[in-house]
Amino acid sequence: MPLLRTTLLKEPAGTLRSLDELFALANAMEQEAATKYGELAEEMRRQDRADLLTVFSDLAAAEREHVDSVQRWSQSRRGKLPDPALVRWEAPETFDRDATAEIKASNLMTPYRALALAVRNEERAFAFWSYLAAYSKDAEIKKASETMAKEELGHVATLRKERRRAYRREHERAPPDEARLPTEWIEARRLELCLATHLAALERRLEGAAAVRTRELREKTMLMAEEVGDFGSFPEALEQRDAQTIAEALADAYLEDAERSGDAERVETLQHLAERAISRLAWLRSLDAE
């Protein structure tokens, strides 16, 4: 049987027929990520780049844990390990091959940039599972796909935190910036409303399921604008940027403030905002990838 191919902007050429197929596909995707990160770790070992060796070794270990998790899930639900022979799908390109080649060749690669690659990979995987959940007519498969999407979203949040830590470490060693011009600051509510305007324009350019999903995100963004209250302080110039840049700034702000806050209720609110913001960002990037 020929492999089925999917994109993120239109309905897949086929759908998963069983949980066995879902577990087989999930296992294959996680195995590939573990292998790729392992290969990058070995390349960094060969180049004697200890900082990047640590990053990619940790990423490979995390992906192997994901493989184990999928296999345990398959065992508990189906009484057996995933069967590679059941993979009818050509796995989506969630691993950025160009960026991988750059990592191997560049002497300027840093842990921050390496983790940024990992974040993008997880965002692509999240978007893929979200689409499978949306298109599945089988309630059991839909629920399992939603579970996979939620897992990937958790991975995204964890990696974004690590990426921010790497960014701070790298910039603590950097020389101080020259004096900057004064800037105006705006709250998250205003930035959320600006993003809603971008999403409305994007919705008009799309059709079918992509347009429906974008409309849902626009409506959720309007609700988020009401929820954030007086949170945040962003450069006013952000309003002139594209939707992805705005979406990323909001996601990072919610995550970072949730880490710093000592108020349990505020932490819960910000974590919920962050989850939706990351989901939104992953969707926007999936559109851009096509």
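Our structure is the block above this text.
**Section: helix 5 (residues 139–172)**
Here's step 1: Over its 34 residues, helix 5 extends 50 Å from the first C-alpha to the last, a length consistent with the 50 Å expected when each residue adds 1.5 Å.
Here's step 2: Sitting at the head of helix 5, Asp 138 places a side-chain oxygen 2.9 Å from the backbone nitrogen of Glu 140.

**Topic: the nonpolar core**
Here's step 1: Judged by nonpolar contacts, the single largest core of 55 residues is most densely connected at Leu 22, Trp 129, Phe 231, Phe 234, Leu 250 and Tyr 254.
Here's step 2: At the level of elements, helix 1 (19–46), helix 2 (50–78), helix 4 (111–135), helix 5, helix 6 (188–205), helix 7 (208–227), helix 8 (243–260) and helix 9 (264–289) are the ones that each hand at least two residues to this core.
Here's step 3: The greatest single-element share of this core, amounting to 10 residues, is contributed by helix 9.
Here's step 4: Discounting residues that sit within four places of it in the chain, Tyr 254 has contacts with Ala 188, Glu 192, Met 224, Val 228, Phe 231, Leu 270, Leu 273, Ala 274 and Ala 277.
Here's step 5: Core analysis: the second largest hydrophobic core is formed by 22 residues, Ala 41, Leu 59, Ala 114 and Val 119 among them.

**Brief notes about unusual backbone geometry**
Here's step 1: At Asp 48, a residue that is not glycine, the phi angle is positive and equals roughly 60 degrees.
Here's step 2: The residue Asp 48 is located in the loop between helix 1 and helix 2 in this model.
Here's step 3: For Asp 48, a relative accessible area of 68% gives the class exposed.

About the thresholds
Residues numbered from 1 in each chain as written. Predicted model: local features only at pLDDT ≥ 70, side-chain atom pairs only at ≥ 80, totals over all residues. Heavy atoms only, no water. Helix = DSSP H or I, 4+ residues; strand = E, 2+ residues; numbered from the N terminus. Expected span 1.5 Å × (residues − 1). Polar contact = N/O pair within 3.5 Å; in protein donor to acceptor, adjacent residues only side chain to side chain. Core = buried A, V, L, I, M, F, W, Y, C linked by side-chain atoms within 4.5 Å. Buried < 20%, exposed > 50% of the residue type's maximum accessible area, 1.4 Å probe, protein only. Contact = heavy atoms within 4.5 Å.

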